Each structure stands twice: as structure tokens, then as C-alpha cells.
Amino acid sequence: MKIIKSILTKNPCYTAGRKITVKGLMLHSVGCAQPSAKVFVNMWNSPSYGAACVHGFIDGNDGTIYQTLPWNHRGWHCGSGRNGSGNNTHIGVEMCEPATIRYTGGSTFTCSNLADARACARRTYNAAVELFAYLCKEYSLNPMKDGVILSHAEGNARGIATNHGDPEHLWRGLALPYTMNTFRKAVKLKMEGKTGTVQEPAKADTGQKTDTQKPATKKYYRVRKSWGDAASQLRAFESLELAKKRADQSKGYKVYDSNGKQVYPKTETTSTTKKKSVTALAKEVIAGKWGVGEDRKKRLTAAGYDYAAVQKKVNEMLK
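Residues numbered from 1 in each chain as written. Predicted model: local features only at pLDDT ≥ 70, side-chain atom pairs only at ≥ 80, totals over all residues. Heavy atoms only, no water.

S.K.: Just to check I follow, could you spell out the sheet that holds strand β11 (residues 236–237) for this structure?
M.R.: Whenever strands of a sheet pair, they do so through backbone hydrogen bonds, lying parallel or antiparallel. The 4 strands lie next to each other as β11-β10-β12-β13, forming an open sheet whose pairing is antiparallel. Edge strands, defined here as strands with exactly one partner in the open sheet, are β11 and β13 (262–264). Of the pairings in the sheet, the one linking strand β12 (residues 254–256) to β13 comprises 2 bridges and is antiparallel in character. The residue of β13 that forms the bridge with Tyr256 is Gln262. (Pairing = 2+ DSSP bridges. Helix = DSSP H or I, 4+ residues; strand = E, 2+ residues; numbered from the N terminus.)

Written as C-alpha cells, this is what we have:
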């Protein structure tokens, strides 16, 4: 297990300086196609990023863990529910997600390379098992005790977190045999010095583009700086009014529907919208904000940009 300390000393959550008595651990996934933990670390380490703060990110490329808050620091990772907030009791850790998925609405996504996506999810799952085993030992927690290890979705069901479906939606959508029950058992085995094995899907994927989930029955409104900047997403709401209120709390944020259309605040016509420079777009592409491969080409073209020019600039900047 590799842990890199990258404490978000500029984030308002860190500077607030509140501590907790650790009673549990909550597992999240980031909710956008960004496998690099460094992207989130760099973005969230700012005085202006007052939307959220977690204790750690798990990189999807190599499984490295980036610790972003002291473990006993009160994070802003799960919001609250009818019974209070898990922020007061639980450490929160985010798993980064594969670059080859694209959200189409709510927790529904498509995947252009299932084999790569599964490998990414497998890395973050295994790293999370190691980290949670370490933290359970550190804070004398029983991983099998009710309420100790939770997902964000389970936290919501208990009334201590907002209405999210992570991380189970990712595992389910990639047809992986992981659940929170298998996760808790794997943590317990790790603490005992054993290795828990879970049978993988019988058939390997060929890499062709596939819909990995049936359309979700719920539609969500996403609060982001821009539709292409998935890593900036604060929350996803079923209620448009709640999404508007959340956007109003953070300067520069907007509300988008499941199709990527900005619904708040109302925009001017496309012809009057200021276009970004090729250099600015290239920087966003390098940061992972426009996806990869054919997905990147389609998104840039749909937004009215010259894909070839942007890709040429990316290649120049990466030399």
C-alpha cells in the first residue's frame, strides 16, 4: 500500500480545523470519468473550493492513495440526512473512476473499453480494502459491525448522507462481483493477514462500446463549473430547485440536466457564447476534462471546436 500525504491545507474544510472521534469509514467514488487522483488534489486545494473535502483519493491508474486530510479531521464528504451527518463520525475516501466511461444520466453510463474500466475499478477496490484494513486497526474498528464501514449509498439509506448511489453503481455497471458485503469481508480478511478472492466475470470484454447499465429511472441535475469539467462536480440532485440552491452557494457553478444542457442560470444563445482558446482547451484535455479517444472527439466537435487543432496543441504541449 502506497500512501502519499497531500493534505489540502488551503481548502476551507482543513482550515476550519474541526476534529472527530472516528467511529467508521465511508467509501465513495468520484462520479466522473477521471482516474487521476492528482487532478482532484490540485483542484480541491484552494481557498475557493468550499464545496467538499475528503480524507483521501485512490488513484485509478496505479492504486496510489493520496491522503488529503488528517484522518481525525472532520471532512465534508457525505452531506447530511434525516438522522444527521456521517461527516461527524466517518472518514471519507473517494475512489477515482475509469477514463473509458461516460455518464449519460444519473448513475447510468456507457463504456468504450470494459476490460480497461474493470482493471481500473479492480485497482481502486483492492487499494481501498488495504486502506480500510489499516484504518480499522488504527482506530480499533470492527469492519463487520453494523454501521462501521458504509458506502455513500448506505449512508443515505441510514439518513446520514445525501442521496447518492456510489460506489455500488460503478461495480454493478461494470458487471463486477463486488458489493459492500464482499468489501467488508475482504477488509476483515486483510486485517487477519489473509486474502479474500472474488470470482471475476466469466467472459472478458472485447473492448467494443457497450451500454453497461439499463437506463436509470431517476433523472439528476448536476452542479458543475461546466458540463465538460466533470471533475468539478459538487453534487447531483433529483430536485432542480435544490440543485439551483447548491449552485448559488459556489461562485462559477451551473446546473446541467442529464443531457448536458445548462438549465441554470439561463444561457444566451450559442452564437453569443464566448469560445475557449485552443490552448485553454488543450490544457483541459490534458487534465482529463474532455474524456479520451473517440469520446473526446465527439464532445469537442459537439461543443463547436476543431478537434484536430485541439489535439495538435495537446501533442505539442506534451512533447
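S.K.: How should I be thinking about the nonpolar core in this particular structure?
M.R.: Nonpolar side chains in soluble globular proteins generally cluster together in the buried interior. If you look at the biggest cluster of nonpolar residues, it comprises 39 residues, and the most contacted ones within it are Ile101, Phe132, Ile149, Leu174 and Phe183. Sorting elements by how many residues they give to this core places helix α3 (residues 114–138) first, with 12 residues. Contacts of Ile101, omitting those with residues within four sequence positions, involve Ala33, Phe109, Thr110, Cys111, Ala117, Leu170 and Leu174. Grouped together as the second largest cluster of nonpolar side chains are 27 residues, Cys13, Tyr66, Leu69 and Ala247 included. (Core = buried A, V, L, I, M, F, W, Y, C linked by side-chain atoms within 4.5 Å. Buried < 20%, exposed > 50% of the residue type's maximum accessible area, 1.4 Å probe, protein only. Contact = heavy atoms within 4.5 Å.)

S.K.: Sorry, what's going on with helix α10 (residues 307–317) here?
M.R.: Residues that lie three or four places apart on an α-helix share one face, since the helix turns once every 3.6 residues. Taken together, the buried positions of α10 are Val310, Gln311 and Val314. Taken around the axis of α10, the buried residues stretch over an arc of 95 degrees, which confines them to a single face. Buried residues along α10 sit against α8 (278–286) and α9 (293–302). A distance of 3.1 Å separates the backbone nitrogen of Ala308 from a side-chain oxygen at the start of α10, and that oxygen is part of Asp306. (Arc of directions from axis to C-beta. Polar contact = N/O pair within 3.5 Å; in protein donor to acceptor, adjacent residues only side chain to side chain.)

S.K.: What's the story with the pattern of salt bridges in this structure? I'm lost.
M.R.: Two side chains of opposite charge can pair, provided their charged atoms sit close to one another. Taken as a whole, this structure holds 6 salt bridges when the rule is applied. Here Arg158 and Asp146 are joined by a salt bridge, their closest N and O atoms 2.3 Å apart. Pair noted here: Arg158 is in the loop between α4 (152–157) and α5 (168–173) and Asp146 is in the loop between α3 and β8 (149–151), with a separation of 12 residues, a long-range link. Taking relative accessible area as the criterion, Asp146 reaches 61% and is therefore assigned exposed. Between Glu192 and Lys188 there is a salt bridge whose closest N-O contact spans 2.6 Å. Classification of Lys188 by relative accessible area gives partly exposed; the value is 34%. Shared partners join several salt bridges into a network, and the residues in it are Lys188, Glu192 and Lys194. (Salt bridge = Lys/Arg side-chain N within 4 Å of Asp/Glu carboxyl O.)

S.K.: Any chance you could explain the packing of aromatic side chains here in plain terms?
M.R.: How two aromatic rings sit relative to each other is given by the distance of their centres and the angle of their planes. In the structure shown here, the tally under the stated rule is 10 aromatic pairs. With 5.7 Å between their ring centres and 70 degrees between their planes, Tyr103 and Phe109 make a pair best called edge-to-face. Note on accessibility: Tyr103 and Phe109 belong to one class, buried. Note on Phe132 and Phe183: the rings are 5.3 Å apart at their centroids and 80 degrees apart in plane angle, and the pair reads as edge-to-face. Residue Phe132 is located in helix α3, and its partner Phe183 is located in helix α6 (residues 180–191); the two are separated by 51 residues in the primary sequence. By relative accessible area, Phe183 is classed as buried at 0%. (Phe/Tyr/Trp six-rings, centres within 6.5 Å; stacked < 30°, edge-to-face > 60°.)

S.K.: Hey, could you run me through the packing of α8 against α10 in this one?
M.R.: Packed helix pairs are characterised by how far apart their axes lie and by the angle those axes make with each other. It is at 8 Å that the axes of α8 and α10 come closest, and there the two elements cross at 70 degrees. With respect to α10, the axis of α8 lies roughly perpendicular. In this structure, α8 meets α10 at a crossing whose hand is right-handed. Here α8 contributes Val278, Thr279, Leu281, Ala282, Lys283, Val285 and Ile286 to the contact with α10, which in turn contributes Ala309, Val310, Lys313, Val314 and Met317. Broken down by class, the residue content of the contact of α8 with α10 amounts to 9 nonpolar, 1 polar and 2 charged. (Axes fitted to C-alpha atoms, helices over the stretch in contact; angles between N-to-C directions. Parallel < 35°, antiparallel > 145°, perpendicular 65-115°, else oblique. Left-handed = near helix turned anticlockwise from the far one by under 90°. Nonpolar A, V, L, I, M, F, W, Y, C, P; charged D, E, K, R; others polar.)

S.K.: Hey, could you run me through the pairing of strand β2 (residues 24–29) in this one?
M.R.: Side-chain positions along a regular strand alternate between the two faces of the sheet. Within β2, 6 of the 6 residues are buried, which leaves it mostly tucked inside the rest of the structure. Covered by surrounding structure in β2 are Gly24, Met26 and His28 together with Leu25, Leu27 and Ser29, the residues of both alternating faces. Where β2 lies against strand β5 (residues 90–95), 6 bridges are found, and the strand directions are parallel. For His28, the partnering residue across the bridge sits in β5 and is Glu94. Two elements, β2 and β8, share 3 bridges in a ladder whose sense is parallel.

S.K.: Help me understand the confidence of the model for the protein, please; the structure alone is not making it clear to me.
M.R.: Per-residue confidence for the protein gives a mean pLDDT of 86; residues scoring 70 or more make up 89%. Per-residue pLDDT stays below 50 along residues 197–217; that stretch engages in 42 contacts with residues further than four places along the chain or on separate chains. (pLDDT = per-residue confidence, 0-100.)

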